[in-house]
Each structure stands twice: as structure tokens, then as C-alpha cells.
Amino acid sequence: VEATGALYQAISAGVPAGNAIEFLEVASKAAIGGVTDTETAVDGLTTVMNAFASQNIGVQEAADVMFTTVKAGKTTFDELSRSLFQVAPLADATGVKFAEVSAAMATLTAQGVPTSVATTQIRGAIQNLIKPSEELAAIFQAAGFETGELAVKQLGFVEAANIVTEATGGSVTQMTKLLGSIEGVQGILGVTGESADTFTKNLENMTNATGAATAAFEEMEKSTARQFEKMQAKIQVMGIQIGEKLL
């Protein structure tokens, strides 16, 4: 029943019917590895694939990067699935890669920032960096970029944020005055300065995330709870088979 609901949700989200079963297999393993239900996993995976459509992210890649984010940060697959919608569309529209968003998520949540707040801070940071402002434009022009939006597209939002951090000396007061949003400033400070090395390491892990989802699934397969679930499923199948014979 759960799988059928998840399959319907996947097709409704735009997964081609011909690929739906293959997609569902990955989503089901992601749900087991992430200790969540399949529909939540489908929701998170389709959010990534649809919102970052221009980056042609496949379901397995999406799952691998999400699990790498869970491993490096203090978040869960469930929390990521429910929060990514807040930042994904803007990130893709401004050319920010999913791997960079995920590395920032891991870096921020590891500092104790709740997942939903981290996505809001990253969105705020991107919005602040690309907003039209004479003072902000002057900083980016001095660094060789006509606008903040061009800097974000070419460098990624964290490297663009580094330009602003260095120009202001990391002053929260100056950055808030320049950018206008404390949430955006918090997002920038959380991935630059002292956190820059952690972000860089996380970004490297995101680009080498292949196999992370499978590893999480295989680890959960060894658990006592998972073995008990399998045993219950076998008993149900036996009951159906006996019932059919009796009928």
C-alpha cells in the first residue's frame, strides 16, 4: 500500500511512467537507509530533480548527495526532504549547484542550525548577493564582476559571499547594512571565515558522493528492526499463499 502511494506520487511529480519502478526502487532504499517512509523519500528526491532540472540530476545522484549531507551535518533525510523546497528553485535559477547547497546545508546544520532555518539562511544569502545595490555592485566590480548575480553564477554563492566577507572584514554590522537581511548574513557567515575549510571539505565530499545512499541502505539492512520487518513480510506472504490454497 505504501509503495503504491509512493509510485502514484512519483508519477504525479513528473517521473516518466517507464522509469517509475526504477525510481521507486531507489526511493524505497533511500527510505530504508534514511529511516523514513517511501513517500517522504519520493518527495525529497523529486524536489531535487525537478527544482534543479537544468542540472540534470538523476535519482541516484540526488539520493547519494542527500545522504552525504546527512552524514556530514546534523540533519535527517526526512528533514531535508521537507525543507529543500525553500531554497532549491532560487538556487537553480541563479546557477548555484545542488552540491554547493548541500555542502552549505551540512556546514550550517553541523553548527546546530535547524534544517529548515539553514535552507532559509542559504536562500537569504543568495537573495542578498544578487540584489541590485550600488554599494554591493561596487564591491563585485572591484573583484572583476559587473553584478553580484554574475559573481554567483560564475563562482557559486559561497565564493561570491567570500568577496563580501573580505570587503567588510567580516563585520556583522557592515554586512547587515550592505545586504539588508540578518538571515542572509547568518547564512554567509556560516560558510565563510572560520567555517570556510569545513565547507570546502563538505563540497568535495558532495562531488564524490557516489554510493552513499547504497551504503546507508546496506547498513540499515543489517539492523534487527529491518530483519524483523522482513520476517513479518514473509509471514504475510505465507498467510496469503495458505489462504489461496484453502480457497
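Our structure is the block above this text.
As the structure is a computational prediction, the values presented were derived from the model and not from experiment.

Caption draft 1: Just the pattern of salt bridges, in detail. Considering all chains together, one arrives at four salt bridges under this definition. Here aspartate 78 ties to arginine 82 by a salt bridge, and the two come within 3.0 Å at their closest N and O atoms. With aspartate 78 and arginine 82 both in helix α5 (residues 77-83), this residue pair falls four residues apart, about one helical turn. Given a relative accessible area of 22%, aspartate 78 falls into the partly exposed group.

Caption draft 2: The arrangement of helix α10 (residues 148-155) in detail. Of the positions making up α10, those classed as buried are Gly148, Ala151 and Val152. The arc enclosing the buried residues of α10, seen along the axis, measures out at 100 degrees, which places them on a common side. Contacts from the buried residues of α10 go to α8 (115-130), α9 (134-142) and α11 (157-168).

Caption draft 3: Highlighting the packing of helix α4 (residues 59-72) against helix α7 (residues 98-110). Viewed as axis vectors pointing N to C, α4 and α7 meet at an angle of 20 degrees, and their least axial separation amounts to 8 Å. The pairing of α4 with α7 is recorded here as roughly parallel in orientation. With respect to the hand of their crossing, α4 and α7 are arranged in right-handed fashion. Contacts from Ala62, Val65, Met66, Thr69 and Ala72 of α4 reach α7 at Phe98, Ser102, Met105, Ala106 and Ala110. In terms of residue class, the contact of α4 with α7 is made up of eight nonpolar, two polar and no charged.

Cut-offs and rules
Note on numbering: residues in each chain are counted from 1, in written sequence order. Given that this is a predicted model, residues contribute local features only at a pLDDT of at least 70 and side-chain atom pairs are listed and counted only at 80 or more, while totals for whole chains, interfaces and linings are drawn from all residues. Heavy atoms from the whole structure form the basis of all side-chain values; hydrogens and water molecules are not counted. Any Lys or Arg side-chain nitrogen located within 4 Å of an Asp or Glu carboxyl oxygen qualifies as a salt bridge. A run of H or I in DSSP becomes a helix once it reaches four residues, and a run of E becomes a strand once it reaches two; helices and strands are each numbered from the N terminus. Burial classes: relative accessible area under 20% of the type maximum marks a residue as buried, over 50% as exposed, and values in between as partly exposed (1.4 Å probe, protein chains only). The arc in question is traced by the directions running from the helix axis to the C-beta atoms. In this analysis, two residues are considered to be in contact whenever any of their non-hydrogen atoms come within 4.5 Å of each other. Lines are fitted to the C-alpha atoms to define the axes, a helix being fitted only along its stretch in contact, and any angle between axes, read from their N-to-C directions, falls within 0 to 180 degrees. An angle below 35 degrees is treated as roughly parallel, one above 145 as roughly antiparallel, one from 65 to 115 as roughly perpendicular, and anything else as oblique. A clockwise turn of the near helix away from the far one marks a right-handed crossing, whereas an anticlockwise turn of less than a right angle marks a left-handed crossing. For this scheme, ten residues count as nonpolar: Ala, Val, Leu, Ile, Met, Phe, Trp, Tyr, Cys and Pro. Four count as charged, namely Asp, Glu, Lys and Arg, and the remainder, Gly too, count as polar.

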